Amino acid sequence: METIIWPIYIDSSVSRKQGRKISQEEGVEEPKTREITQALRKLKMNYTVDHSKSYPSSWWKKSGRVVVNQDQKTKLELLRAIAKNVKHIRRESK
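Within any chain, residue numbers begin from 1 and follow the written order of that chain's sequence. With pLDDT at 70 or above as the cut-off, local features in this predicted model cover only qualifying residues; side-chain atom pairs require 80 or more to be listed or tallied, and sums for whole chains, interfaces and linings still use all residues. The side-chain numbers reported here are obtained from all heavy atoms of the structure, hydrogens and water having been left aside.

### With respect to the pattern of salt bridges
- Salt bridges are identified by distance alone: a Lys or Arg side-chain nitrogen within 4 Å of an Asp or Glu carboxyl oxygen. Evaluated as defined, the whole model comprises four salt bridges.
- Across the pair Glu26 and Arg80 runs a salt bridge, and its minimum N-O distance is 2.9 Å. Of this pair, Glu26 sits in the loop between strand S1 (2-5) and helix H1 (33-42) while Arg80 sits in helix H2 (residues 75-93); the two residues are 54 residues apart in sequence, bridging distant segments of the chain.
- What makes Glu26 partly exposed here is its relative accessible area of 28%.
- For Arg80, a relative accessible area of 38% puts it in the partly exposed group.
- The residue Glu35 makes a salt bridge to Arg90 at a minimum N-O spacing of 2.9 Å. Helical segments are the DSSP runs of H or I of at least four residues, strand segments are the runs of E of at least two, and each set is numbered from the N terminus. Throughout, exposure labels follow a simple rule: accessible area from a 1.4 Å probe, protein chains only, divided by the maximum for the residue type, with under 20% read as buried, over 50% as exposed, and the rest as partly exposed.

So this is what it looks like as structure tokens:
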């Protein structure tokens, strides 16, 4: 099953109305597709990246998206796991 992950889904700096899918506490501020792919590598998941894609409601920004091939987790569980790993990656890089 393919699951599409837009960075805005885990962005704590945007509202749910703008596209965030998880709580602000669980989210990360301005996540990048690079950070999402690093988190997916840690989770040992297969993915592809579309750098030229834009989230539909902000079509002018080329935010990119990540397409994850997995069957184990729901989309919400996957988003929470990605956000948690992005936070961990950011702490390690400081």
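### Considerations on the packing of aromatic side chains
- Here the aromatic set is Phe, Tyr and Trp, taking the six-membered ring for Trp, and pairing holds for ring centres within 6.5 Å; pairs whose planes are under 30 degrees apart are stacked, those over 60 apart are edge-to-face, and all others are tilted. If you walk through the whole model with that rule in mind, you get three aromatic pairs.
- With a centroid separation of 5.5 Å and 70 degrees between ring planes, the pair formed by Trp6 and Tyr55 is classed as edge-to-face. Note that Trp6 is positioned in the loop between S1 and H1 and Tyr55 in the loop between strand S2 (46-50) and strand S3 (65-69), a separation of 49 residues in sequence.
- Among the aromatic residues, ring-to-ring pairing joins Trp6, Tyr9 and Tyr55 into one connected group.

### With respect to the sheet that holds S2
- Strand order across the open sheet formed by three strands is S1-S3-S2, with antiparallel pairing between neighbours. Edge positions in the sheet fall to S1 and S2, since each of these pairs with one other strand and no more. Across the sheet, the axes of successive neighbouring strands diverge by a mean angle of 25 degrees, strand direction being ignored.
- Where H1 meets the sheet, its contacts fall on S1, S2 and S3, and the angle it forms with S3 comes to roughly 15 degrees.
- We call two residues contacting when some pair of their heavy atoms lies within 4.5 Å. Here an axis means a line fitted to C-alpha atoms, over the contact stretch when the element is a helix, while the angle between two N-to-C directions is reported on a 0 to 180 degree scale. Set on the sheet, H2 makes contact with S1 and S3; between it and S1 the angle comes to about 50 degrees. The pairing criterion for strands is at least two bridges between them, as found by DSSP.

### Observations concerning the side chain of Thr3
- Considering the arrangement of structural elements, one finds Thr3 in strand S1.
- Overall, the relative accessible area of 5% leaves Thr3 in the buried class.
- Setting aside residues no more than four positions away along its own chain, Thr3 makes contact with Val66, Val67, Val68, Gln70, Lys75 and Leu78.

### Things to note about H1
- Three or more residues of H1 are buried, namely Thr33, Glu35, Ile36, Thr37, Ala39 and Leu40.
- On its buried face, H1 is in contact with S1, S2, S3 and H2.
- Backbone geometry just after H1 places Lys44 at a positive phi near 60 degrees.

### A closer look at the packing of H1 against H2
- Close contact between H1 and H2 brings their axes to 8 Å; oriented N to C, the two are set at 105 degrees. Comparing the axis directions of H1 and H2 gives the class roughly perpendicular. The residues of H2 that touch H1, namely those facing Glu35, Ile36, Gln38, Ala39, Leu40 and Lys42, are Leu78, Ile82, Asn85, Val86, His88, Ile89, Arg90 and Glu92. In what follows, roughly perpendicular refers to angles from 65 to 115 degrees, roughly parallel to angles under 35, roughly antiparallel to angles over 145, and oblique to any angle outside these ranges.

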